[in-house]
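Breakdown of the fold
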Amino acid sequence: GHVVARQVGGLTADITQQDLRDAFYAYGEIAAVRMKPERRCALIEYTLRKSAEEAATALHRRLAIKGARLKLWWAKSQQAADNADARKYVSQAYGAPVPPPGEVAAFGAAGGASLYPSMNPSAMGARPDAR
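Calculation notes
- Residues numbered from 1 in each chain as written.
- Predicted model: local features only at pLDDT ≥ 70, side-chain atom pairs only at ≥ 80, totals over all residues.
- Heavy atoms only, no water.
- Helix = DSSP H or I, 4+ residues; strand = E, 2+ residues; numbered from the N terminus.
- Contact = heavy atoms within 4.5 Å.
- Pairing = 2+ DSSP bridges.
- Axes fitted to C-alpha atoms, helices over the stretch in contact; angles between N-to-C directions.
- Buried < 20%, exposed > 50% of the residue type's maximum accessible area, 1.4 Å probe, protein only.
- Arc of directions from axis to C-beta.
- Phe/Tyr/Trp six-rings, centres within 6.5 Å; stacked < 30°, edge-to-face > 60°.
- Lys NZ or Arg CZ within 6 Å of the ring centre and 35° of its normal.
- Salt bridge = Lys/Arg side-chain N within 4 Å of Asp/Glu carboxyl O.

**Observations concerning the side chain of Asp 19**
Along the chain, Asp 19 turns up in helix H1 (residues 17–24). Here Asp 19 is in contact with Asp 14, Ile 65 and Lys 66, once residues within four sequence places are set aside.

**Focus: the sheet that holds strand S1 (residues 4–9)**
Remark on secondary structure: sheet strands pair via backbone hydrogen bonds, oriented parallel or antiparallel. If you trace the four strands from one edge of the open sheet to the other, you get S2-S3-S1-S6, paired in antiparallel fashion. For this open sheet the edge positions go to strand S2 (30–36) and strand S6 (71–74), each flanked by a neighbour on one side alone. Each neighbouring strand pair of the sheet contributes to a mean axis angle of 20°, computed without reference to strand direction. Looking at chain direction, S1 and strand S3 (residues 41–46) are connected through six bridges and run antiparallel. Counterpart to Ala 5 in the pairing with S3 is Glu 45. Against the sheet, H1 makes contact with S1, S2, S3 and S6, and its axis sits at roughly 140° relative to S2, the strand it touches most. The sheet strands contacting helix H2 (residues 49–59) are S1, S3 and S6, and the helix crosses S6 at an angle near 150°.

**Examining the environment of Ile 44**
Inspection of the secondary structure assignment puts Ile 44 in strand S3. Look at Ile 44 and you get buried, because its relative accessible area is 0%. Taking the C-alpha atoms as reference points, Ile 44 and Ala 32, twelve residues apart in sequence, are found 6.2 Å from one another. Apart from residues lying up to four places away in sequence, Ile 44 is in contact with Val 4, Ala 5, Arg 6, Val 8, Leu 20, Phe 24, Ile 30, Ala 32 and Val 33.

**Details of H2**
Here H2 has its buried residues at Ser 51, Ala 52, Ala 55, Ala 56 and Leu 59. In an axial view of H2, the angular spread of the buried residues amounts to 135°, which keeps them on one side of the axis. When the buried face of H2 is taken as reference, the exposed residues oriented beyond 90 degrees from it are Lys 50 and Thr 57. Contacts from the buried residues of H2 go to S1, H1, S3 and S6. Just downstream of H2 lies Arg 61, where phi reads positive at about 65°.

**Re the packing of aromatic side chains**
Scanning the entire structure with this criterion turns up zero aromatic pairs. The ring of Trp 74 has Arg 6 lying over it, and the distance from NZ or CZ to the ring centre is 3.6 Å.

**Things to note about the pattern of salt bridges**
This model, assessed by the stated rule, comprises four salt bridges. Salt-bridge contacts for Asp 19 lead to Lys 66; the nearest nitrogen and oxygen are separated by 2.8 Å. Linking Asp 19 in helix H1 with Lys 66 in the loop between strand S4 (64–65) and strand S5 (68–69), this pair joins segments that are 47 residues apart in sequence. Glu 54 is the salt-bridge partner of Lys 50, the closest N and O atoms lying 3.3 Å from each other. Pair noted here: Lys 50 and Glu 54 are both in helix H2, with a separation of four residues, about one helical turn. Glu 54 gets classed as partly exposed once you look at its relative accessible area, which sits at 37%.

Structure (structure tokens):
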């Protein structure tokens, strides 16, 4: 299915693909390790997203191979998906559930927030029933 990649940065010349496999295979099945020596980084591709997440949690700020401290981040394609996930979560956490229209004004008033004219009964013509 969908390949999930972690990017590892800060590689030194003596770190091999096998070193990376050894460091990452404990967290799940690795689909591929792609070395990018010119950028001093590598892509670790897991077959399962859960594996990549576990690796990240376990190795975050703790990954060192042959004395080199390595940095870990989601590969670019994954970044976009993660950001979308984060946005979805934030909108769920803060946006929902939407209160009924009647409560919005009360909430705004209670919070000391300025009300929109349409929500203020004393604003002329805002609500016909308030005249």
